[in-house]
Amino acid sequence: AWRGARAGGGGAGAGWGGAGGGGRGGVASGRAAVRAGGVGACVGLLGSAHEGVQRHALRVLEALAEAPEGQSAVCEASGVLPLVRLAGSPPAGVASAATGILCRLTERDAELPSLVAAGVARRLVAWLGGADAAERAAAAGALRRLSGARLGGAEGGGARAGGPVTGVEAGGVGALVR
């Protein structure tokens, strides 16, 4: 199941222990990785054929995605598409970790249009029907944020990139009604 949910789904710093050692020390390690530009290398490891390598990379990205600086770094390192790919494929632990990171990335308003375009909503819909209540709540919250995504500038209201149809187009009506 998703580590972020068990960490209380908390704010910055929750759940950082898995990537950087223990407790708050992981926050410092995560920030150091962002400053050192190591996020791109970590994103590259998501494409490994070895599940263990993917899991380690996901743990680091999970830790980074707990804070706004890390969320931006993951997106800037082109991490969204590899995460979407992993979120839709076995094994379940890898898919769950990838989906949890995608949920966190929806907390960045500036990233919402690119997340919608990458097909994140379909991966989130899969969590809506799962057994884990924390995962369902995280997916519902992320879909709510995606539904407000806009493309374009504020002038003229911007074109809709998300909107209420985001969940519908991703097949989420049935799961949301249950």
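Residues numbered from 1 in each chain as written. Predicted model: local features only at pLDDT ≥ 70, side-chain atom pairs only at ≥ 80, totals over all residues. Heavy atoms only, no water.

## A look at the overall build of the protein
When helices and strands are counted, the protein shows 13 helices and two strands. Taking all 178 residues of the protein together, the buried fraction comes to 44%. When contacts within the protein are restricted to residue pairs at least 6 apart in sequence, those whose partners lie at least 24 apart make up 59%. Surface exposure of the protein reaches about 8100 Å², of which carbon and sulfur atoms provide 57%. (Helix = DSSP H or I, 4+ residues; strand = E, 2+ residues; numbered from the N terminus. Buried < 20%, exposed > 50% of the residue type's maximum accessible area, 1.4 Å probe, protein only. Contact = heavy atoms within 4.5 Å. Areas by Shrake-Rupley, 256 points an atom, 1.4 Å probe, with all protein chains shown as cover.)

## So, the nonpolar core
One finds Leu58, Leu61, Val80, Leu83, Leu105 and Val120 to be the most contacted residues of the largest nonpolar core, which totals 38 residues. Among the secondary structure elements, those contributing two or more residues to this core are helix H4 (39–45), helix H5 (51–64), helix H6 (68–76), helix H7 (80–87), helix H8 (92–105), helix H9 (112–117), helix H10 (120–128) and helix H11 (133–146). (Core = buried A, V, L, I, M, F, W, Y, C linked by side-chain atoms within 4.5 Å.)

## Looking at the packing of H10 against H11
Two numbers describe how H10 lies on H11: the axes approach to 8 Å, and their chain directions differ by 150°. Here H11 runs roughly antiparallel to H10, going by the angle between their axes. Seen along the crossing, H10 lies across H11 with a hand that is left-handed. Of H11, the residues touching H10 (which contributes Val120, Ala121, Leu124, Val125, Trp127 and Leu128) are Glu135, Arg136, Ala138, Ala139, Ala140, Ala142, Leu143 and Leu146. (Axes fitted to C-alpha atoms, helices over the stretch in contact; angles between N-to-C directions. Parallel < 35°, antiparallel > 145°, perpendicular 65-115°, else oblique. Left-handed = near helix turned anticlockwise from the far one by under 90°.)

## Considering the pattern of salt bridges
Applying the stated criterion across every chain yields a total of three salt bridges. Between Arg104 and Glu66 there is a salt bridge, with the nearest N and O atoms lying 3.1 Å from each other. Residue Arg104 is found in helix H8, and its partner Glu66 is found in the loop between H5 and H6; the two are separated by 38 residues along the sequence. Residue classification places Arg104 among the buried residues on the basis of a relative accessible area of 5%. For Arg104, the salt bridge goes to Glu107, with nearest N and O atoms at 3.2 Å. On the basis of relative accessible area, Glu107 is assigned to the partly exposed category, the value being 37%. Within the structure, one salt-bridge network assembled from shared partners comprises Glu66, Arg104 and Glu107. (Salt bridge = Lys/Arg side-chain N within 4 Å of Asp/Glu carboxyl O.)

## Considering the confidence of the model for the protein
Taken residue by residue, the protein gives an average pLDDT of 76. The fraction at 70 or more is 63%. Taken element by element, the protein is modelled with least confidence in helix H2 (residues 17–20), mean pLDDT 38, and with most confidence in H7, mean pLDDT 96. With pLDDT under 50 throughout, residues 5–24 is counted as low confidence; its partners more than four residues away or in other chains account for 37 contacts. This model gives residues 153–161 a pLDDT under 50, and the stretch forms 16 contacts once residues within four places in sequence are excluded. (pLDDT = per-residue confidence, 0-100.)

## Side note on the side chain of Ser48
Tracing the chain through its elements places Ser48 in the loop between H4 and H5. A relative accessible area of 17% means that Ser48 is categorised as buried.

## Notes on unusual backbone geometry
With omega at 0°, the peptide bond leading from Pro90 into Pro91 counts as cis. Along the chain, Pro91 falls in the loop between H7 and H8. For Ser78, which is not glycine, the phi torsion reads 60° and is therefore positive. Tracing the sequence through the fold places Ser78 in the loop between H6 and H7.

## Some remarks on H5
Spanning 14 residues, H5 covers 20 Å between terminal C-alpha atoms, matching the ideal 20 Å at 1.5 Å per step. The complete set of buried residues in H5 reads Gln54, Ala57, Leu58, Leu61, Glu62, Ala63 and Leu64. (Expected span 1.5 Å × (residues − 1).)

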